[in-house]
Amino acid sequence: MQDAQQSLRPIWLDDANGEVNVIDQRSLPHELVVLELQTVDDTIYAIQEMVVRGAPLIGITAAYGVYLAVKNTPAGTDADHLTTECDRIKAARPTAVNLQWAVERVLAAIHAQPDEQRLEAARQAAGAIAEEEAENCRLIGRHGLRLIEAISQRKDSAPVNILTHCNAGWLATIAYGTATAPIYTAYDQGVDVHVWVDETRPLNQGARLTAWELGRHGISHAVITDNAGGHLMQHGMVDLVIVGTDRTTYTGDVANKIGTYLKALAARDNDVPFYVALPSSTFDWRMRDGVKEIPIEERDPDEIRYIQGHSEGALRSVLVPPASSPAANYAFDVTPARLVTGFITERGICAATEDAVRALFPEKKA
Ligand code: MRU
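Just so we're clear, the structure is a prediction, and the values are computed from it rather than from any experiment.

A. Fine view of the packing of aromatic side chains. A complete count under the given rule lists six aromatic pairs for this structure. Here the aromatic rings of Trp170 and Trp212 are separated by 6.0 Å at their centres, their planes lie at 45°, and the arrangement is tilted. Residue Trp170 is located in the loop between strand 4 (160-164) and helix 6 (180-188), and its partner Trp212 is located in helix 7 (residues 205-217); the two are separated by 42 residues in the primary sequence. Grouping residues by exposure puts Trp170 and Trp212 together as buried. Ring pairs connect the aromatic residues Phe283, Trp285, Phe343 and Phe361, which therefore count as one cluster. Over the ring of Trp212 we find Arg216, and its NZ or CZ is 4.8 Å from the ring centre. The cationic tip of Lys257 hangs over the ring face of Phe332; the distance from NZ or CZ to the ring centre is 4.0 Å.

B. Quick look at the site of the ligand. Contacts to the ligand come from 18 residues, most closely from Arg53, Arg93, Asp246, Asn256 and Lys257. At 2.9 Å, a backbone N or O of Gly54 approaches an oxygen atom of the ligand. Between the ligand and Asn167 there is a distance of 3.0 Å, counted from an oxygen atom to a backbone nitrogen or oxygen. Relative to its free-state accessible area of 400 Å², the ligand is covered by the protein chains to the extent of 100%. Mapped onto the shell around the ligand, the elements with two or more residues apiece are helix 2 (55-71) and strand 9 (254-257).

C. Structural view of the packing of helix 2 against helix 4 (residues 98-111). Orientation of helix 2 relative to helix 4, taken along the N-to-C sense of each, is 35°, at an axis distance of 7 Å. Helix 4 is crossed by helix 2, and the crossing has right-handed handedness. The residues of helix 4 that touch helix 2, namely those facing Ala55, Pro56, Ile58, Gly59, Ala62, Ala63, Val66 and Val70, are Asn98, Leu99, Ala102, Val103, Val106 and Ile110. Residues that form the contact of helix 2 with helix 4 fall into these classes: twelve nonpolar, two polar and no charged.

D. The arrangement of the nonpolar core in detail. Formed by 75 residues in total, the largest nonpolar core has its most connected members in Ile148 and Val193. Of the residues forming this core, the biggest block, 13 residues, is contributed by helix 5 (residues 115-154). The next biggest cluster of nonpolar side chains, apart from the first, holds 30 residues, and it includes Met233, Leu278, Cys350 and Leu360.

E. Spatial organisation of the domain arrangement of the protein chain. Per the domain assignment, the segments of the protein chain are domain 1 (2-132) and domain 2 (142-364). Placing a centre on the C-alpha atoms of domain 1 and another on those of domain 2 gives a separation of 25 Å. Across the contact, 36 residues belong to domain 1 and 37 residues belong to domain 2. Of the roughly 3200 Å² buried between domain 1 and domain 2 on both sides combined, carbon and sulfur atoms contribute 55%. Scanning the region where domain 1 abuts domain 2 turns up one salt bridge. For the salt bridge of Glu297 with Arg93, the shortest nitrogen-to-oxygen distance reads 2.7 Å. On the surface where domain 1 and domain 2 come into contact, there are 14 residue pairs in polar contact (both at pLDDT 80 or more). Put simply, the parts of the chain that give the side of domain 1 that touches domain 2 at least two residues each are helix 2 and helix 4. Taken together, the residues of the side of domain 1 that touches domain 2 break down into 18 nonpolar, eleven polar and seven charged.

Reading the values: the criteria
- Residues numbered from 1 in each chain as written.
- Predicted model: local features only at pLDDT ≥ 70, side-chain atom pairs only at ≥ 80, totals over all residues.
- Heavy atoms only, no water.
- Phe/Tyr/Trp six-rings, centres within 6.5 Å; stacked < 30°, edge-to-face > 60°.
- Helix = DSSP H or I, 4+ residues; strand = E, 2+ residues; numbered from the N terminus.
- Buried < 20%, exposed > 50% of the residue type's maximum accessible area, 1.4 Å probe, protein only.
- Lys NZ or Arg CZ within 6 Å of the ring centre and 35° of its normal.
- Near = heavy atom within 4 Å.
- Polar contact = N/O pair within 3.5 Å; in protein donor to acceptor, adjacent residues only side chain to side chain.
- Areas by Shrake-Rupley, 256 points an atom, 1.4 Å probe, with all protein chains shown as cover.
- Axes fitted to C-alpha atoms, helices over the stretch in contact; angles between N-to-C directions.
- Left-handed = near helix turned anticlockwise from the far one by under 90°.
- Contact = heavy atoms within 4.5 Å.
- Nonpolar A, V, L, I, M, F, W, Y, C, P; charged D, E, K, R; others polar.
- Core = buried A, V, L, I, M, F, W, Y, C linked by side-chain atoms within 4.5 Å.
- Domains from an automatic or database assignment.
- Buried area = accessible area lost by both parts, 1.4 Å probe.
- Salt bridge = Lys/Arg side-chain N within 4 Å of Asp/Glu carboxyl O.

Below you can see the structure in the form of structure tokens.
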């Protein structure tokens, strides 16, 4: 695979000084800026302000946040302090389930350790999560490849047209991405693919990040408005939709970036397969009814009122609606399981039903 998967990652630990480095995704695609995270406050800031974003990457960052919490805790500090710091990290954003999952996993890894070994145990646990997520995404790519190859073989004319929403690429994970992993894998195997990239208002993760990733990898793509997908599907210009997810119930309901539900409706109306790619860390094994139970983040209305772009060598913000008009910024929506053709996971592809999900992950208990 090219450097998009190997040499450049959105987060890494500097072994020399123990600092956590992240790509500041707010500046992409126009500038590649790296920030250092030194404290729990830095970690929370990075997650809340979307320096880092995307469910698996939020989880990995949170895991390193626990490492930083341990690193900055003076010996002899009350054990409750670490719990409080971890609770603060867990509360940074509400929708991505990977956040709580990763914090709890690192805490469990250090729980029984003597004080002097806790830092190393936290570092190893966070690193293990990062490497496992990279491998999970690689496997998602291998399994999803089958879907793209099957369409390619059946179609009279190339390319296979895939629509994706938001950024579920390596920037949102650690390597390969979730929704993009099958696309990268298919392209690397010589399959002719073209990607329709929803711009994904208001923060334009599609236009800024997915387009940047695909372009770096040499993959044919076009940025489209968030409302264009239905039109393209009606005209036979989409063979397959693949999206990521921030939290998916064990019954198959999928929370993803706002607008995903409308894409699923259009896909169903046009008989276009609609797949969701996710690692097992993004399943919520406790929630049954996604629409009722998954917390949907509401973000600052100014993310809608102001649009950001690059002009005359600098990033600038401009106001779009009347200055007096309020805005409402719902960041995610839930696509019910009945609209999902299937899940692409590290263990294979399955239907979006409780039985099928449990058959792939029999060890998980509700
Ligand atoms: O608000 P974000 O950018 O953190 O949202 C996350 C996303 O990019 C998506 O919803 C994505 O499709 C799932 S995360 C792999």
